[in-house]
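# Observations on the three-dimensional arrangement
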Amino acid sequence: MKSKKSYISVIYFFGALGGLLFGYDTGVISGALLFIKEDLELTPFMEGLVVSGVLIGALVGAAICGPIADKFGRKKTIILLGVLFTIGAIGTGLAPTVEVLVLFRIFLGVPVGGASALVPLYLSEMAPAAIRGRVASLNTLMNALGILMAYIVNFAFSASGRWDWMLLLAVVPSVLLMVGMFFMPESPRWLLKQNREGDARKVLLLTRDAKLVEEEIKSIQEVKTAKKVPFSALFAPAVKPILFIGVGIAIFQQVIGTNTIIYYTPTILKNAGFGASSAIAGTIGIGIVNLLFTMIGLVLIDKIGRRMLMLLGNVGMSIALVVLGISTLFFTAPGWLLLTCLCLFMVAYSASWGMVVWVVLAEIFPLRIRGTAIGLASTTLWLANIAVSLSFPVLLNSFGSGSLFLTYGAIGIFAFLFVYKFVPETKGKTLEEIEAEISSKKTVRSREIAVSIRK
């Protein structure tokens, strides 16, 4: 029994390891950027391009990863992402010019986007309903750990300014992901889609007792035998409300100011008077807060639910951004106040939107189009991410940080209202129960969403 539990933990660890790479590769650029700007003499536009290069690639990765995973399986696709992570890390670390750096940042973004969509999907399909929220949230926990690791590595090399080594060290976890996934099982839901019921049963028995396995196989088979649908079915009346929810929370996650904190904290602190090393050291504190409150959110997600976490998170994030905006717009805020507001934002974000969005996206879409639908929602997420990250340096230079933070705070209020009106609770339900409930025209919430869309 103990060995079985240990193997289950290993499955969840390697399943979530792509999240660590996602976090490292997005977080490491925040510190490296301070030295890349000096070495390669970046303009504000090029600065934004270096940061958003990963996001451009992520847009492609998110779009193609779902269909690939539906065709070839979750396991093989994650292994492929590990290969691409490794190539991208080497290319960015050895880039001789800004043009080459941008090209490899775009290349690296492909597995980043793919991992953002596929890792929570794999974890949610592996986990029993009772703990699915916690297991799927491991992706975000590993993401937070990856960001913290990136901040620590940035600080370690800040004295020497070796941004190349900051980027190269992503090779270590990417190789670990490639090797480890060879020994992991395939998603049981994908196996059943391929008519491999025996293999699916063996995988389900790893994490469930026999009675639950038979019940779950029966539920999955009922969904699987439903008529196959084309891509256009994503926009059918019965599915459109679900797509509306998925795309909505994906966009809001990115436009509420998250990336300005993750990517540009050292820049913000340096503009406030911190030295380069001190500014990077400040990010370590934010990274620790991010990891700690992601762990707290991990505990809460299956207790108070996805919806309540998102609503509470919105309140905290908006308060932090409004205070940050006012303090920088109307008077010269001390560095400690800026750092406090940045940490408060991460407290609220990490325990809520940072993890819950990925969990909900992995839960709400019908099985027969789940990979494609998540790919579409993730694509819109990365489009919003690109827009924010590419525009921030230019807008910061033109309007100042105060106005921008107030704008993000206002967006947070709209995100609160969106969740309150549209997002259903999925806590404690099997994926098939969620599909049946949210897709049915008989449910009250589906009718409300459909009416709102028609209006």
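This text goes with the structure placed above it.
This text gives an overview of the structure that appears in the document. (Residues numbered from 1 in each chain as written. Predicted model: local features only at pLDDT ≥ 70, side-chain atom pairs only at ≥ 80, totals over all residues. Heavy atoms only, no water.)

### Re the overall build of the protein chain
- When you go through the protein chain residue by residue, the secondary structure sums to 21 helices and zero strands.
- A burial count over the protein chain gives 60% of its 455 residues as buried.
- A separation threshold of at least 6 residues defines the contact pool for the protein chain, and within that pool the share at least 24 residues apart is 84%.
- Taken as a whole, the protein chain presents about 17,200 Å² of accessible surface, with 71% of it coming from carbon and sulfur. (Helix = DSSP H or I, 4+ residues; strand = E, 2+ residues; numbered from the N terminus. Buried < 20%, exposed > 50% of the residue type's maximum accessible area, 1.4 Å probe, protein only. Contact = heavy atoms within 4.5 Å. Areas by Shrake-Rupley, 256 points an atom, 1.4 Å probe, with all protein chains shown as cover.)

### Looking at a nonpolar patch on the surface
- There is a patch of nonpolar side chains on the surface, built from V322, I326, L329, F330 and F331 and spanning about 460 Å² of accessible area.
- Judged by relative accessible area, which is 31%, V322 ranks as partly exposed. (Patch = residues over 30% accessible without salt bridge, like charges linked within 9 Å, V, L, I, M, F, W, Y side chains within 5 Å. Salt bridge = Lys/Arg side-chain N within 4 Å of Asp/Glu carboxyl O.)

### Looking at the environment of I286
- Tracing the chain through its elements places I286 in helix α14 (residues 276–300).
- With relative accessibility at 2%, the residue I286 sits in the buried group.
- Separated by 21 residues in sequence, I286 and T265 place their C-alpha atoms 9.0 Å apart.
- Contact partners of I286, with chain neighbours within four places excluded, come to T265, L339, L342, C343 and M346.

### Here's the deal with helix α19 (residues 401–422)
- In a regular helix each residue adds 1.5 Å, so 22 residues correspond to 32 Å; α19 covers 31 Å between its end C-alpha atoms and thus fits that length.
- Those residues of α19 that sit buried are S401, G402, L404, F405, Y408, G409, G412, A415, F418, V419 and F422. (Expected span 1.5 Å × (residues − 1).)

### Details of the side chain of Q254
- When you line up the elements, Q254 lands in helix α12 (residues 240–255).
- Look at Q254 and you get buried, because its relative accessible area is 4%.
- Apart from the residues lying within four places of it in its own chain, the contact partners of Q254 are N259, L381, A384, N385 and V388.

### Looking at the packing of helix α6 (residues 138–156) against α14
- Packing of α6 against α14 brings their axes to within 8 Å, and their N-to-C directions diverge by 165°. Between α6 and α14, the crossing angle belongs to the class labelled roughly antiparallel. At the point where α6 passes α14, the crossing takes the left-handed sense. Residues L138, T140, L141, A144, L145, I147, L148, Y151, I152, N154 and F155 of α6 lie in contact with α14, whose contacting residues are S277, I280, A281, T283, I284, G287, I288, N290, L291, T294, M295 and L298. (Axes fitted to C-alpha atoms, helices over the stretch in contact; angles between N-to-C directions. Parallel < 35°, antiparallel > 145°, perpendicular 65-115°, else oblique. Left-handed = near helix turned anticlockwise from the far one by under 90°.)

### A few points about the packing of aromatic side chains
- Following the criterion strictly, the structure yields six aromatic pairs and no others.
- Taking the centre distance of 6.4 Å and the plane angle of 70° together, the rings of F104 and F107 count as edge-to-face. A residue pair is termed a helical-turn pair when its members lie 3 or 4 positions apart in one helix, as F104 and F107 do in helix α4 (residues 98–126) at three residues.
- Under the relative-accessibility criterion, F104 is labelled partly exposed at 28%.
- By relative accessible area, which is 32% here, F107 ends up partly exposed.
- Judged by centre distance (6.0 Å) and plane angle (10°), the rings of F345 and Y349 are stacked. (Phe/Tyr/Trp six-rings, centres within 6.5 Å; stacked < 30°, edge-to-face > 60°.)

### A few points about the environment of L34
- Structurally, the position occupied by L34 is in helix α1 (residues 2–40).
- Take L34: its relative accessible area is 1%, and that puts it in the buried class.
- Along the primary structure L34 and A276 are separated by 242 residues, whereas in three dimensions their C-alpha atoms are 7.2 Å apart.
- Once residues lying within four places of it in the same chain are set aside, the contact partners of L34 are P266, T267, K270, A276 and I280.

### Quick word on unusual backbone geometry
- Positive phi, normally seen in glycine, also occurs at N195, with a value near 60°.
- Looking at the secondary structure, you find N195 in the loop between α9 (188–193) and α10 (197–205).
- Taking relative accessible area as the criterion, N195 reaches 64% and is therefore assigned exposed.

### What about the packing of α12 against helix α17 (residues 353–364)?
- Close contact between α12 and α17 brings their axes to 10 Å; oriented N to C, the two are set at 160°. As the angle between them shows, α12 and α17 are arranged roughly antiparallel. The element α12 and its partner α17 pack so that their crossing is left-handed. Residues I242, I245, G246, I249, A250, F252 and Q253 of α12 pack against W353, G354, V357, W358, V360, L361 and I364 of α17.

### Details of the nonpolar core
- By size, the foremost hydrophobic cluster in this structure holds 105 residues, and its most contacted members are I249, W353, F365 and W382.
- Here this core spans two domains, since at least three of its residues come from each of domain 1 (1–184) and domain 2 (236–454). (Core = buried A, V, L, I, M, F, W, Y, C linked by side-chain atoms within 4.5 Å. Domains from an automatic or database assignment.)

### Let's talk about the pattern of salt bridges
- Applying the stated criterion across every chain, the model contains seven salt bridges.
- The partner of D70 in a salt bridge is R74, with the nearest N and O atoms 2.9 Å apart.
- On the basis of relative accessible area, D70 is assigned to the buried category, the value being 14%.
- Between D302 and R306 there is a salt bridge, with its nearest N and O atoms 2.8 Å apart. Grouping residues by exposure puts D302 and R306 together as buried.

### Topic: the environment of S174
- With respect to the helices and strands, S174 occurs in helix α8 (residues 171–181).
- On the basis of relative accessible area, S174 is assigned to the buried category, the value being 0%.
- For the pair S174 and L20, spaced 154 residues apart in the sequence, the C-alpha separation amounts to 9.2 Å.
- The residues touching S174, leaving out its near neighbours within four places in the chain, are L21, G82, F85 and T86.
- A polar side-chain atom of S174 sits 2.8 Å from a polar atom in the side chain of T86. (Polar contact = N/O pair within 3.5 Å; in protein donor to acceptor, adjacent residues only side chain to side chain.)

Nothing here speaks to function; it is all geometry.
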